[in-house]
Amino acid sequence: MVIFAGTYAMTTAIYGIVIGLAAGERARAFKAVSPGMLSPLGIIFGLFVAFVAAQVWGDNDRANAAVTREASALRAVVLLAATFPQRAGARDTHARAPAHR
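Residues numbered from 1 in each chain as written. Predicted model: local features only at pLDDT ≥ 70, side-chain atom pairs only at ≥ 80, totals over all residues. Heavy atoms only, no water.

Engineer: Can you explain the overall build of the chain? Please cite residues and give values.
Structural biologist: From N to C terminus, the chain includes four helices and zero strands. Each helix and strand of the chain, placed in order from N terminus to C terminus, yields the pattern α-α-α-α. By residue count, 1% of the 101 residues in the chain fall in the buried class. For the chain, the computed accessible surface area is about 9,500 Å², with 71% contributed by carbon and sulfur atoms. (Helix = DSSP H or I, 4+ residues; strand = E, 2+ residues; numbered from the N terminus. Buried < 20%, exposed > 50% of the residue type's maximum accessible area, 1.4 Å probe, protein only. Areas by Shrake-Rupley, 256 points an atom, 1.4 Å probe, with all protein chains shown as cover.)

If you want it as structure tokens, here you go:
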């Protein structure tokens, strides 16, 4: 509803600007645009919006899948870490720590 209201407000503003500019000599130039052009322009705009929405939807699905895979991998690490002995983990940590001077 918010997007619809925003689009309506923007369309009203553009219409007001065009009507304000369509005075005198410019009025004939604005009347030169055929109303028959509005239908194809509307269809092109609708297709553009549909393709952009499909792209965003696909990107969102891929992002959700990546987050799910990462969460699953982290859960597997936590579950596997509990099966290792505590001493072995502590020994490896100290062996790999850099020497301080």
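Engineer: Describe a nonpolar patch on the surface, and please don't skip the residues or the numbers.
Structural biologist: Nonpolar side chains collect at one region of the surface, where Met10, Ile14, Ile17, Val18, Leu21 and Phe30 lie side by side and expose about 550 Å² of accessible area between them. In terms of residue count, the dominant contributor to the nonpolar patch is helix H1 (residues 2–21) (five residues). Position of phenylalanine 30 relative to the elements: it lies in helix H2 (residues 25–31). (Patch = residues over 30% accessible without salt bridge, like charges linked within 9 Å, V, L, I, M, F, W, Y side chains within 5 Å. Salt bridge = Lys/Arg side-chain N within 4 Å of Asp/Glu carboxyl O.)

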